[in-house]
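Below, each chain spelled out in residue letters.
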Amino acid sequence: MSKAIVSSLYDSDVFKMACRQFDLAADAINLPEDIRDRTKYPQRCLAVALPIKRDNETVTVFEGYRVQHNLHTGPGKGGIRFHPGVTLGEVAALAMWMSWKCSLAGLPYGGAKGGVIVDPRLLSAGELERLARRYMQEIAPFIGPHIDVPAPDLGTNETMMGWMMDTYSSHIGRNEPAVVTGKPIALGGSQGRREATGAGVAYLVKRYLEDMNIPIAGATIVIQGFGNVGGETALALSAYGAKIIAVSDYTTGIYNRGGVDVKKALAYVQTQRVLQDFDGGEPITNAQLLALDCTVLVPAALERVITPEVAAGLRCRLLAEAANGPTTFDADKILDQRDDIELIPDVLCNAGGVIVSYFEWLQNLQNFYWDRDEVMQKLFVVLERAKNSVEYQKRKFKFSRRLAAQTLGIQRVAEAKRSRGLSA
Ligand code: NAD
């Protein structure tokens, strides 16, 4: 019988949510007691203080984290988030989901995640660069191509990955592109990585709509979040012939039943940074956006936006979780009862990002680079395999699709831990 002696270190709503999901999955597959807590709780975490010089010559100290949830199935893998709402508990929950996601996709990685408590929009470009470099400098002894490999997430991008790779390389005294993924192509980034998460979301939406006998041409799509993932998902779904009827960011939502011009909206955001005052449709709130009548709803911003109230009011046929953890544990119970809505759970839906990150890491280690078609083709093969395994598990055990995906992810991690045994 195992018994965890757990501190309040990770205490937060989102970590509790990830733990409740784990407990449900562990019960569903009768995971032996003596392996549960070892599989559930993060293996290691690091908190760092990040002093940077501001443009006005004062010094501000930011706080950052890196959590390695599991290092027993390969190096840790997971993005770095720059957001004012970051907490150690949130980073731990995101790291836990990375473990299940990598495992489900069959990638030779464990799960990890990083975060800095900062609103990047309030920093100048120079301040942001100093903070990104300082963060890498502090976590450098804790990570590495065969230990833990970061990538972009909310509030970070490929330029910042380039700075971080440069800082790490300077730290060890040689070029080391494989230490982060999602880098600029010129620094060893992979073709297709920037669009990989959105392209993967769009591919799975297309495949699930096929299963539901709904043509993608003309399907109506609503997307919350218009950053890397939301923007690329919109582009890829438009290319499949779907109609994007609403998009949003933290400032506003834009609704246009005739179809939002995605390229125009992306060009607007490139110059204005936000969707506010974009004239391609009528403004709506994020709450109104989530309740729109549509074929597919894609939350692609923050976690815990689909609450029980929102779940009860959803008017989509397919909910495609591009964001990590967008649906609360209690909202999930409501979705389970709604036969009118199919769900693509986050650990499957947004796995395209980490899959192409894996391809980038492989290319860096081999110094042998692939073209975009090869990357995309391989991405869809891995996603198709993961989808098939989820559908098989769902049918076999009569699980919800989330439970099917999570149990598959958890099983492999638990099996690796059991096989390795306990040292000392
Ligand atoms: P991003 O920073 O590029 O974009 C985030 C978008 O969400 C922005 O448009 C922002 O304005 C919007 N947003 C923020 N707060 C909001 C709010 N309260 N209401 C509505 N919109 C809001 O981040 P991203 O990389 O696109 O990540 C989005 C989500 O996808 C996150 O949950 C992230 O963990 C997940 N994800 C990202 C990747 C990746 O490769 N970048 C991979 C897998 C999962």
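Summary of the structure given here. Given the structure is predicted, the values throughout are model-derived calculations rather than measurements.

### Remarks on the side chain of Arg36
Mapped onto the elements of the fold, Arg36 is located in helix 2 (residues 33–40). When neighbours within four sequence positions are excluded, Arg36 is seen to be in contact with Phe22, Asp23, Ala26, Asp27, Asn30 and Leu31.

### Section: the pairing of strand 3 (residues 76–83)
Most of strand 3 is tucked away, with seven of its eight residues classed as buried. Taken together, the five bridges between strand 3 and strand 5 (residues 148–152) define a ladder with parallel strand orientation. Paired with Gly76 across the two strands is Asp148, which belongs to strand 5. In terms of strand pairing, strand 3 meets strand 4 (residues 111–117) through four bridges, oriented parallel.

### As for the nonpolar core
By size, the foremost hydrophobic cluster in this structure holds 95 residues, and its most contacted members are Val205, Leu209, Val298, Ile344, Ile355 and Phe359. Each of two domains, domain 1 (13–175) and domain 2 (196–344), supplies a minimum of three residues to this core. Excluding residues within four positions of it along the chain, Leu209 makes contact with Ile214, Ile216, Ala219, Thr295, Val296 and Leu318. Judged by nonpolar contacts, the second largest core, of 26 residues, contains Leu50, Phe62, Val118 and Leu128.

Conventions used here
Residues numbered from 1 in each chain as written. Predicted model: local features only at pLDDT ≥ 70, side-chain atom pairs only at ≥ 80, totals over all residues. Heavy atoms only, no water. Helix = DSSP H or I, 4+ residues; strand = E, 2+ residues; numbered from the N terminus. Contact = heavy atoms within 4.5 Å. Buried < 20%, exposed > 50% of the residue type's maximum accessible area, 1.4 Å probe, protein only. Pairing = 2+ DSSP bridges. Core = buried A, V, L, I, M, F, W, Y, C linked by side-chain atoms within 4.5 Å. Domains from an automatic or database assignment.

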